[in-house]
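Below are the chains, spelled out letter by letter.
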Amino acid sequence: MSTASPRHKSVAVRVGGVTVGGGAPIVVQSMTNTDTADAEATARQVAALAAAGSELVRITVDRDEAAAAVPHIKDRLRKLGVNAPIIGDFHYIGHKLLADHPACAEALDKYRINPGNVGFKDKRDKQFSAIIEMALKYNKPVRIGANWGSLDQELLTKLMDENAKSAKPRDAREVMHEAMVQSATLSAARAEAIGLPRNRIILSAKVSAVQDLIAVYMELARRCDYALHLGLTEAGMGSKGIVASSAAMGVLLQQGIGDTVRISIYRNKKKMDVSVTLGELREQV
């Protein structure tokens, strides 16, 4: 009978009242699919996910109305006795939403940013820095989530050019893997340079194919000790997404890699999150 490898050593990160990494039990998380601007509906879904076993819940913060609703969602959850930490998922204008809505910045327990769509060209570093500075101001952890579908094209082009000039060029897919790992680790290094400590950084590097995900995370774990968030992106619809996610994360968890997991699938072309109970997960890890 095979046994799991020792856990990858990672720095513990506190997200609200939940510890991610540092040897803590694997944390299950999920995401709402409501319009965050509808505070009542979003609070109800967060409560339902928490009751199903989701220890962290992510919500989309994509516009002013959504950002303005976040503190009201938090108030409703307190009244319901729900203490699951809330994560804000930002794209493109996160720096502006956090600056314009300080109550939102304060209410969220963690910020999630994607280095591939935080900004483009000369704006990218400035806007990334602005979000990190808000995390410092409000004492929040950040997940830096590189994503296969929105990979930093400048970085990828640079690595492809270097590979083409190499005496022993690698397969293009290996270069893509390297670009994913570098996108995450270089962004984390930039966040640390700005002042965000390692115990407030979680990394992810999501791809959509099982073997690619395994390869990327094994390399990511080899190179760093940041807490790691596991999950396929665009995993597929229905049972396809469930099977692909289970296969990929099962292998990584068996290797001791991963501190928190989220499974997302598509059902009738609508993104749905799958929450499993903590007992079910920990029986498998």
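Rules of the game
- Residues numbered from 1 in each chain as written.
- Predicted model: local features only at pLDDT ≥ 70, side-chain atom pairs only at ≥ 80, totals over all residues.
- Heavy atoms only, no water.
- Buried < 20%, exposed > 50% of the residue type's maximum accessible area, 1.4 Å probe, protein only.
- Helix = DSSP H or I, 4+ residues; strand = E, 2+ residues; numbered from the N terminus.
- Pairing = 2+ DSSP bridges.
- Axes fitted to C-alpha atoms, helices over the stretch in contact; angles between N-to-C directions.
- Parallel < 35°, antiparallel > 145°, perpendicular 65-115°, else oblique.
- Left-handed = near helix turned anticlockwise from the far one by under 90°.
- Contact = heavy atoms within 4.5 Å.
- Nonpolar A, V, L, I, M, F, W, Y, C, P; charged D, E, K, R; others polar.
- Salt bridge = Lys/Arg side-chain N within 4 Å of Asp/Glu carboxyl O.
- Expected span 1.5 Å × (residues − 1).
- Arc of directions from axis to C-beta.
- Polar contact = N/O pair within 3.5 Å; in protein donor to acceptor, adjacent residues only side chain to side chain.

Draft legend 1. Structural detail: the pairing of strand β7 (residues 142-147). Of all six residues that make up β7, six are buried, and the element is covered over most of its length. Pairing geometry for strand β6 (residues 110-113) and β7, over three bridges, is parallel. Bridge pairing links Tyr111 to Val142 in β7. The pairing of β7 with strand β8 (residues 201-206) spans six bridges and is classified as parallel. Of the residues in β8, the one forming a bridge with Val142 is Ile201.

Draft legend 2. Summary view of the packing of helix α1 (residues 39-52) against helix α2 (residues 64-80). Two elements in contact, α1 and α2, have axes whose closest approach is 9 Å; the angle formed by their N-to-C orientations is 50 degrees. As judged from the angle between their axes, α1 and α2 are oblique. Two packed elements cross with a definite hand, and for α1 against α2 that hand is right-handed. Across from Ala39, Glu40, Thr42, Ala43, Val46 and Ala47 in α1, the residues of α2 making contact are Ala69, His72, Ile73, Arg76, Leu77 and Leu80. Of the residues assigned to the contact of α1 with α2, the class counts are eight nonpolar, two polar and two charged.

Draft legend 3. Molecular detail of the environment of Glu162. Tracing the chain through its elements places Glu162 in helix α6 (residues 153-165). Considered as a pair, Glu162 and Val175 are 13 residues apart in the sequence and their alpha carbons are 9.8 Å apart.

Draft legend 4. Structural context of the pattern of salt bridges. A complete count under the given rule lists 19 salt bridges for this structure. Between Arg58 and Asp89 there is a salt bridge; the shortest N-O distance is 3.0 Å. In this pair, Arg58 sits in strand β4 (residues 56-60) while Asp89 sits in strand β5 (residues 86-89), placing the two residues 31 residues apart along the sequence. Exposure remark for Arg58: the relative accessible area of 4% places this residue in the buried category. By relative accessible area, which is 4% here, Asp89 ends up buried.

Draft legend 5. Expanded view of α6. For α6, which comprises 13 residues, the first-to-last C-alpha distance of 18 Å matches the rise-based estimate of 18 Å (1.5 Å per residue) to within 8%. Among the residues of α6, those classed as buried are Leu155, Leu156, Leu159 and Asn163. Axial view of α6: buried residues confined to an arc of 95 degrees, hence all on one face. Relative to its buried face, α6 has exposed residues pointing more than 90 degrees away, namely Ala164 and Lys165. Of the surrounding elements, those touching the buried residues of α6 are α7 (172-194). Where α6 begins, the capping side chain belongs to Asp152, and its oxygen is found 3.0 Å from the backbone nitrogen of Glu154.

Draft legend 6. Spatial organisation of the sheet that holds β6. Strand order in the closed barrel formed by eight strands is β3-β4-β5-β6-β7-β8-β9-β10, with parallel pairing between adjacent strands. In this structure, strand β9 (residues 227-230) lies alongside strand β10 (residues 260-261), joined through two bridges in parallel fashion. The residue bridging Leu230 from the neighbouring strand is Val261, located in β10. The strands that α1 touches are β3 (27-31), β4 and β5; relative to β4, the one it contacts most, it runs at about 155 degrees. Most of the contacts of α7 go to β8, to which it runs at about 160 degrees, and overall it touches β7 and β8.

Honestly, it's all geometry; don't read function into it.
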